[in-house]
Structure formats: C-alpha cells, structure tokens
Amino acid sequence: MKTETFRGRDWITDLDYTKEELETILDLAMDLKRKRATGEPHRLLEGKTLFMIFYNQSLRTRNSFEAGIFQLGGHAHDLNPKQIYTPALPGREIAYSTERVSDVARVLSRMGEAIAIRCYGEPVDWIYGEADRMIREFARWADIPVINMEDDVYHPCQGMADIMTMIEKKGPDLRGKKFVMSWAYSPSVEKPLAVPQSAISVASKFGLNITLAHPEGLELDSQLLDAVRENVRKYGGSFEILNDMKEAFKDADIVYPKAWTSKHNIPPEVEKPLLEETQKLFDSHKDWICDKEKMSYAKPDAIYMHCLPADRGFEVTDEVIDGPQSVVFDEAENRLHAQKAIMALLMR
Ligand code: CP
C-alpha cells in the first residue's frame, strides 16, 4: 500500500486521484472496517481536529465524519455557517455577517488539521459550479487538506463508499459487471448532480460497463461525461447513455436509481434558476420509479443501491429498498470506513 502521495492533499474530486490511489484508499478502508469489527485500536489521528462546515443538511455525512475522526483518536468541530461569520467569496460578502473564505481558511489552518465542507444549491443561488469554486478557494488558501463533503459537482466520499460496496457485494474484480446509474422521480427538484457524477467517475476507473439512464433534459455535466469516457478508454469497460429506465436495467448487476436536478434549468445555462420548469419535467416522468417490475429486468442477483436519503414511494418502493437485493445500509456504513481512510491518509 503506497501511502506517501496523500499527506496534505485536498480531497475535492476523485478525478484528482489515480486508480492506484483510489485502490489504496479502499485497501485502508477495508482494513479499518476489519479493525473496528475486531476491536483493534486504530487511533491514527490522535489529537487532530477536523473542522466541518455544512451549508446544507446531512445525516450520513455529518455522523460518519464525526464518528470516524473520533474513532481515529481525533476530534470533529462542527461549524454552523450561520453561527460563525458565514464564509463567503468576494462579491457575496455582507459586512459583519460573512467572512472572506481566504481569511476563514487561513485562520482554521492555524488551529486544526483539515477543513471539510458541504455546499450546493440554495446557499450559492443554484449556480452550478459555484459551490465547487468556493471549496477550491478554501483549498487555495488553506495550509491543511480541504475535504469535499458534497458540492454541486462532486460527492467523492459517496463515490468511494459506493465502489467499496460494489466490491464487497460483487467481488474485487468489477470488470464486465453492468452498473446502471439511473435518474428516478422525486417530488423535490432540489437535488444536486454530485452523487451520480461521482458514482460514475469512480466506477469508470474500475472496468465496469456503465449505463447512465435519464429522461431527456436531465443530462449530467458534459465535462464529467468526457472524463468518464476517457477513463473507460484507459481502464476498460464501456459507457452508454439511454433514455429508457427498463431498457437500461436489462441484465444489470448493480442498479442505482436516484433523482437529480436539471442542469439546463440552473445558472450558468440560464440567467436564474427555473425550478418550476424542472418540476414540470420531473412530474412528466413519475414512472421512473424503481419497483419490483423494473428490478425484474436486472439480473436475479442484482443489487439495489442508493446514497440515501431515499424518497420512498417516488424514487423507490418500500418493497425494493427493504427487500433482499437492497444494500443501502451497507453502503451507508461504508461512508464511515471510506472517510476514515481518506482522513487518515490526508491528515497524518
Ligand atoms: N448520502 C449522503 O450524503 O447523505 P447525507 O445527505 O445524509 O449526508
């Protein structure tokens, strides 16, 4: 396991890491999972502090980071952006209410060992890429690693937990397995594109046959798709995009249906967010639900994945998410192990 390339680096997107580095993270995550199960001590970050800034709500990310750093011997400090001077980029500053990101990053760098940030959607006026830009601005000024806990482009921690779960369920060699990342209906359009984008970008380094399925108008970021195609050329597997959920599910080994918003209806593609337009688009595709009938198109041993929280009765039926093919709670648990590995490697 080569660990020397990690120390002090930022974790903003998995695309910044080689396949070998992602494998090192997974090796360590599996090792830490085993150590936790057997009660072996693994206090690799004794006395170290992780600052967490959540602009959006969270259950899994907040608790997996907080429990994770505690289990590694360190401490998580949760900074509510509304109770500190809200970190803001130039142009978004309000006197004595916000504090410039460059200043916050430099102050926190004097006091702890990493800064983790979640930001997407409303806090950046739904301008696609603006939250990612803010996290990169933190990284530019911080002397300590900056960790992306989900922005409007990437959710790389989720992506690592997802691939870890696929390996556990389908074996260490995922080459040739069919992975379907599908859009699914939700009554809420306020869903970032980060989960599907990181899921397919990580998967594209592991030789999977990736099918991306969504109705027209719900395309993912074209630059991200180019990166996926490039990875598939380099590491094998295949990539296709379909506009039919049933067709996509045919003979799948892994299905991952979830909602994401329309990038075409948020800035910079349009002047201001057109969320009502997206609602109409969503509402015309209520049949994109993962139910028993859709699952019957996949292989009998196919697994059902979801990052959670799931919109039950809309994205998925109770029968599927609570059924024998669902691995969603193993997937959620793997957030803990994957992030412990990332923190341990970056914050040593
Ligand atoms: N999957 C995920 O990121 O969950 P939370 O929004 O609860 O953190």
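Cut-offs and rules
- Residues numbered from 1 in each chain as written.
- Predicted model: local features only at pLDDT ≥ 70, side-chain atom pairs only at ≥ 80, totals over all residues.
- Heavy atoms only, no water.
- Helix = DSSP H or I, 4+ residues; strand = E, 2+ residues; numbered from the N terminus.
- Rg over C-alpha atoms; globule rule 2.2 N^0.38 Å.
- Contact = heavy atoms within 4.5 Å.
- Areas by Shrake-Rupley, 256 points an atom, 1.4 Å probe, with all protein chains shown as cover.
- Lys, Arg positive; Asp, Glu negative; His and termini not counted.
- Charge placed at Lys NZ, Arg CZ, Asp CG, Glu CD.
- Salt bridge = Lys/Arg side-chain N within 4 Å of Asp/Glu carboxyl O.
- Buried < 20%, exposed > 50% of the residue type's maximum accessible area, 1.4 Å probe, protein only.
- Pairing = 2+ DSSP bridges.
- Phe/Tyr/Trp six-rings, centres within 6.5 Å; stacked < 30°, edge-to-face > 60°.
- Lys NZ or Arg CZ within 6 Å of the ring centre and 35° of its normal.
- Near = heavy atom within 4 Å.
- Polar contact = N/O pair within 3.5 Å; in protein donor to acceptor, adjacent residues only side chain to side chain.
- Nonpolar A, V, L, I, M, F, W, Y, C, P; charged D, E, K, R; others polar.
- Domains from an automatic or database assignment.
- Buried area = accessible area lost by both parts, 1.4 Å probe.

This brings us to the overall build of the protein. Helix and strand counts for the protein come out as 12 helices and 11 strands. A globule of 348 residues ought to have a C-alpha radius of gyration of about 20 Å, and the protein, at 20 Å, matches this closely. Principal axes of the C-alpha set define a box for the protein whose edges measure 55 × 50 × 35 Å. Looking at the protein alone, contacts between residues at least 24 apart form 79% of all its contacts between residues at least 6 apart. With the model as given, the accessible surface of the protein reaches about 14,600 Å², and the carbon-plus-sulfur share is 49%. Side-chain charges in the protein split into 45 positive and 57 negative, and the spacing between the mean points of these groups amounts to 4 Å.

Quick look at the pattern of salt bridges now. The full count for this structure, using the stated rule, is 30 salt bridges. With a closest N to O distance of 2.9 Å, Arg43 and Glu46 form a salt bridge. Across the salt bridge formed by Glu130 and Arg92, the nearest N and O atoms sit 3.2 Å from each other. Here Glu130 is found in helix H4 (residues 130-141), whereas its partner Arg92 is found in the loop between strand E3 (86-88) and strand E4 (98-100), with 38 residues between them in sequence. Looking at Glu130, the relative accessible area reads 11%, which means it is buried.

Before going further, it helps to examine the pairing of strand E7 (residues 178-183). The buried fraction of E7 amounts to six of the six residues, a majority that puts the element mostly inside the structure. Side-chain alternation along E7 places Lys178, Val180 and Ser182 on one buried face and Phe179, Met181 and Trp183 on a second face that is also buried. Where E7 lies against strand E8 (residues 209-213), five bridges are found, and the strand directions are parallel. The partner of Met181 across the bridge, within E8, is Leu212. Note: E7 against strand E10 (residues 254-258), five bridges, orientation parallel. What sits directly across from Val180, in E10, is Val255.

Take the packing of aromatic side chains next. Tallied over the full model, the rule gives seven aromatic pairs. Ring geometry for Phe6 against Tyr17: centres 5.8 Å apart, planes inclined by 25 degrees, an arrangement best described as stacked. Residue Phe6 is located in the segment before helix H1 (19-38), and its partner Tyr17 is located in the segment before H1; the two are separated by 11 residues in the primary sequence. For Phe6, a relative accessible area of 1% puts it in the buried group. Judged by its relative accessible area of 2%, Tyr17 is buried. Through pairs of rings, three or more aromatic residues link up here, namely Phe6, Trp11 and Tyr17. Here the guanidinium or amino end of Lys19 rests over the ring plane of Phe206, the centre of that ring lying 5.8 Å away.

Attention shifts here to the site of the ligand. Around the ligand sit Ser58, Leu59, Arg60, Thr61, Arg118, His155, Gln158, Cys307, Leu308 and Arg335, and that is every residue in its neighbourhood. Backbone polar atom of Leu308 to a nitrogen atom of the ligand: 2.9 Å apart, as the coordinates give it. Protein chains shield 93% of the accessible area of the ligand, which is 260 Å² for the free molecule. Of the residues that constitute the shell around the ligand, the class distribution is three nonpolar, four polar and three charged.

All right, on to the domain arrangement of the protein then. As far as domains go, the protein holds domain 1 (3-153 + 335-347) and domain 2 (157-332). For domain 1 and domain 2, the distance between their C-alpha centres works out to 24 Å. Each partner contributes residues to the interface: domain 1 has 32 residues there, and domain 2 has 37 residues. Summed over both partners, the interface of domain 1 with domain 2 comes to about 2,800 Å²; 69% of that surface belongs to carbon and sulfur atoms. Broken down residue by residue, the surface that domain 1 buries against domain 2 is led by Trp126, Tyr128 and Arg335, which jointly contribute 29%. Across the contact surface, domain 1 and domain 2 share one salt bridge. Across the salt bridge formed by Lys33 and Glu168, the nearest N and O atoms sit 2.8 Å from each other. Seen at the junction of domain 1 and domain 2, the total is 12 residue pairs in polar contact (both at pLDDT 80 or more). Listing elements by their share of the side of domain 1 that touches domain 2, those giving two or more residues are H1, helix H2 (60-71), strand E6 (146-148) and helix H12 (328-347). Tallying contributions element by element places H1 first for the side of domain 1 that touches domain 2, with eight residues.

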